[in-house]
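# Structural overview for review
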Amino acid sequence: MRPFHYRAPRSLDEALALLTPRAVPLAGGTDLFLKMERRQTQADTVVDLKRIPELDRIEAVDGGVRIGALALMDSLGASSLIAGQYEALTRSARVVGSIQTRNRATLGGNLANASPAADTAPPLMALGASAEVADAGGTRQVPVDRLFLGPGRTALRDGELLTAILVPALPARAGSSFHRCVRTAMDIALVNCAAFIRLDEDHPDTVAEARIALGAVAPTPLRAASAETRLAGARLDEDVVEAAGECAASDARPIDDVRASADYRREMVRVLTRRAIRSAFRRARGEA
Amino acid sequence: METPRIRITVTVNGEAVSEDVPGDRSLLDFLRDDLGLTGTKEGCGEGECGACSVIVGGRLVDACLIFAAEADGRNVETVEGLADGEVLHPLQRAFAAAGAAQCGYCTPGMLMAGKALLDRNPSPTREEAAHGIAGNLCRCTGYGTIIQAVMEAAKES
């Protein structure tokens, strides 16, 4: 590892003051530790955030749920505040890595690491969540679907810290789901997909609003815009589900890599999108 | 520049130890090299295999992916803390009785995974027991005897 100063601030203000351009925040470390060991970061200071009180809180707030950036995957997966409304997020938090990973990895870390395959990113995008970002001057909100700029790159500016995720309350007649495919349980996703469906008040088979988000099929997690357009206002039958899967496959921009070919990934986008729409639809109808 | 040393105090198996460690020392190396607790093994060194599993603050974690400095002020449990003197922990007895080890390299991590599970869920189903060790790889046994041992230990404790 490159030499570095380890700092463990006790307050957010103290942490923000330490976040110079060559400082890197440390949450669970499941990604950062290895990046440091492989000298993939230039950081000369590591700012451990785990001594800052309440940064890991999951709480109901006006209009939704606020999840502290340091909330553990295990806590997210077990939270009844999350499981009650945000099925897609619960499912994704429960499948990240191993028990050991989930006891260490945090929601903020999973996002700030900006892996195109981050499992919690598509659910949060589908649920319309925003990231709360702080610097010495105050806080701002960034919609999660505008947070990612490329592999390992986010919209966070120098000196900014991701402090929380705000998930809007689930509207009536709405549901979400998360599906992914992996080589082995421990591997990162080949493709992952989250769906959010809100049904029409007067026509319970008709989609009022849909959001589909895909992971590991582009340089960043991605909204499947044409699939969403195909679903909006449509009566949700199998033909529409099929067509939306087709649209999502054309929205994806996958690459060949060691885990899978672009063609396979595109095919899996089709399959996972159909599954995700069907299960979000069932939940929106209160059937599952 | 060298990575500066940091004074840490960690409670390891119930005993507080204070040491000056380099800020980049992993918890695994701290346990093995500084404290001589070589029961905890390094397998992959990347958080994939679970051989280095220890319990920190009641949670099962991979010691290879944690800086020792992060454990400052925390409770750490390792395989050395399982037995009470010469009396083996129920998990250790069950592993021995079931033949749940061959080469033995994964065993300390498996035992800690089993302990973390039983601490939270004293009577797991077979599926829950299998899930409890899902983050630990064993290349010899095929897991059957390990799961069986965890189930036996649950009955006994």
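Residues numbered from 1 in each chain as written. Chains lettered and ligands numbered in written order. Predicted model: local features only at pLDDT ≥ 70, side-chain atom pairs only at ≥ 80, totals over all residues. Heavy atoms only, no water.

## Brief notes about the overall build of chain B
- When helices and strands are tallied, chain B shows five helices and five strands.
- Counting from the amino terminus, chain B carries its helices and strands in the arrangement β-β-α-β-β-β-α-α-α-α.
- What you see for chain B is a C-alpha radius of gyration of 16 Å, in line with the 15 Å of a compact globule of 157 residues.
- With the C-alpha coordinates aligned to their principal axes, the bounding extent of chain B is approximately 50 × 30 × 25 Å.
- Long-range pairs, those at least 24 residues apart, make up 55% of the contacts in chain B with a sequence separation of at least 6.
- Just so you have it, chain B exposes about 7100 Å², and 46% of that area is on carbon and sulfur atoms. (Helix = DSSP H or I, 4+ residues; strand = E, 2+ residues; numbered from the N terminus. Rg over C-alpha atoms; globule rule 2.2 N^0.38 Å. Contact = heavy atoms within 4.5 Å. Areas by Shrake-Rupley, 256 points an atom, 1.4 Å probe, with all protein chains shown as cover.)

## Some details on the packing of helix H3 (residues 107-120) of chain B against helix H5 (residues 144-156) of chain B
Residues and elements named next belong to chain B.
- For the pair H3 and H5, the least separation of the axes is 11 Å and the interaxial angle reads 40°. By the angle class used here, H3 and H5 are oblique. Both H3 and H5 take part in a crossing whose hand is right-handed. Side by side, H3 and H5 meet where Met110, Gly114, Leu117 and Leu118 of the first sit next to Ile146, Val150, Ala153 and Ala154 of the second.
- In terms of residue class, the contact of H3 with H5 is made up of seven nonpolar, one polar and no charged. (Axes fitted to C-alpha atoms, helices over the stretch in contact; angles between N-to-C directions. Parallel < 35°, antiparallel > 145°, perpendicular 65-115°, else oblique. Left-handed = near helix turned anticlockwise from the far one by under 90°. Nonpolar A, V, L, I, M, F, W, Y, C, P; charged D, E, K, R; others polar.)

## Describing the interface of chain B and chain A
- Every contact between the two is made by 32 residues of chain B and, on the other side, 30 residues of chain A.
- Summing the contributions of chain B and of chain A, the shared interface buries around 2500 Å²; its carbon and sulfur component is 56%.
- Our count for the chain B to chain A interface comes out at five salt bridges.
- In this structure, the salt-bridge partner of Asp74 of chain A is Arg59 of chain B, at a minimum N-O distance of 2.8 Å.
- Where chain B touches chain A, the interface holds eleven residue pairs in polar contact (both at pLDDT 80 or more).
- Of all elements in the fold, only strand S4 (59-62) and helix H4 (126-132) of chain B reach the threshold of two or more residues within the side of chain B that touches chain A.
- For the side of chain B that touches chain A, the leading source of residues is S4 of chain B, giving four residues.
- Of the residues contributing to the side of chain B that touches chain A, the split by class is eleven nonpolar, eleven polar and ten charged. (Buried area = accessible area lost by both parts, 1.4 Å probe. Salt bridge = Lys/Arg side-chain N within 4 Å of Asp/Glu carboxyl O. Polar contact = N/O pair within 3.5 Å; in protein donor to acceptor, adjacent residues only side chain to side chain.)

## Focus on the state of the cysteines
- Under the criterion given, the structure shown has zero disulfides over all chains.
- A disulfide-free cysteine, Cys181 of chain A has its sulfur positioned 10 Å from the sulfur of Cys193 of chain A, the nearest such atom.
- Among the residues examined, Cys181 of chain A registers a relative accessible area of 12% and is labelled buried.
- Not part of a disulfide, Cys106 of chain B finds its nearest cysteine sulfur in Cys138 of chain B, a span of 3.9 Å. (Disulfide = S-S within 2.5 Å. Buried < 20%, exposed > 50% of the residue type's maximum accessible area, 1.4 Å probe, protein only.)

## Details of the domain arrangement of chain B
Residue and element names in this part refer to chain B.
- Once the domains are mapped, chain B shows domain 1 (5-81) and domain 2 (90-156).
- Distance between the C-alpha centres of domain 1 and domain 2: 21 Å.
- In this assembly, 15 residues from domain 1 lie in contact with 14 residues from domain 2.
- Both faces considered, domain 1 and domain 2 share a buried interface measuring about 1200 Å² in area, 59% of it formed by carbon and sulfur atoms.
- Seen at the junction of domain 1 and domain 2, the total is one salt bridge.
- Along the contact surface separating domain 1 from domain 2 lie five residue pairs in polar contact (both at pLDDT 80 or more).
- Residue classes in the side of domain 1 that touches domain 2 are distributed as five nonpolar, five polar and five charged. (Domains from an automatic or database assignment.)

## What about the sheet that holds strand S1 (residues 5-7) of chain A?
Residues and elements named next belong to chain A.
- Pairing is parallel across the open sheet formed by three strands, whose spatial order is S1-S3-S2. The strands lining the two open edges of the sheet, one partner per strand, are S1 and strand S2 (23-26). Within the sheet, the average angular offset between the axes of one strand and its neighbour, ignoring direction, is 20°.
- When S1 meets strand S3 (residues 45-48), the two strands line up parallel, connected through three bridges. By the bridge assignment, Arg7 is partnered in S3 with Val47. (Pairing = 2+ DSSP bridges.)

## Re the packing of helix H2 (residues 90-98) of chain B against H3 of chain B
All names here are of chain B.
- Direction vectors running N to C along H2 and H3 enclose 130°, while the axes themselves pass 10 Å from each other. It follows from the interaxial angle that H2 and H3 lie oblique. For the crossing formed where H2 meets H3, the hand is right-handed. Here Leu91, Gln92 and Phe95 of H2 come into contact with H3, specifically with Thr107, Met110, Leu111, Gly114, Lys115 and Leu118.

## Looking at the packing of aromatic side chains
- Within the structure shown, the criterion is met by two aromatic pairs over all chains.
- An angle of 55° between the planes, with centres 5.4 Å apart, marks the rings of Phe4 of chain A and Phe67 of chain B as tilted. With Phe4 of chain A in the segment before S1 and Phe67 of chain B in the loop between S4 and strand S5 (75-77), this residue pair bridges two chains.
- In this structure Phe4 of chain A comes out as buried when scored by relative accessible area, which is 0%.
- For Phe67 of chain B, a relative accessible area of 1% translates into the label buried.
- Arranged with centres 4.6 Å apart and planes meeting at 35°, the rings of Phe33 of chain A and Phe67 of chain B form a pair that is tilted. Taken together, the residues Phe33 of chain A in helix H2 (residues 32-37) and Phe67 of chain B in the loop between S4 and S5 connect one chain to another. (Phe/Tyr/Trp six-rings, centres within 6.5 Å; stacked < 30°, edge-to-face > 60°.)

## Observations regarding the layout of surface pockets
- Size it by volume and the second largest pocket reaches roughly 540 Å³.
- Lining the second largest pocket we find 20 residues, and of these Asp74 and Ile99 of chain A together with Leu117, Arg120 and His131 of chain B sit closest to its centre.
- Of all elements in the fold, only helix H3 (73-78), helix H5 (87-95) and helix H6 (99-102) of chain A together with S4, H3 and H4 of chain B reach the threshold of two or more residues within the lining of the second largest pocket.
- Here the lining of the second largest pocket is composed, by residue class, of eight nonpolar, six polar and six charged. (1 Å grid on protein atoms, 1.4 Å probe; cavity = no way out; pocket = protein on both sides within 12 Å on 5 of 7 lines; lining within 4 Å. Points joined across faces, edges and corners; volume = space filled by probe spheres on them.)

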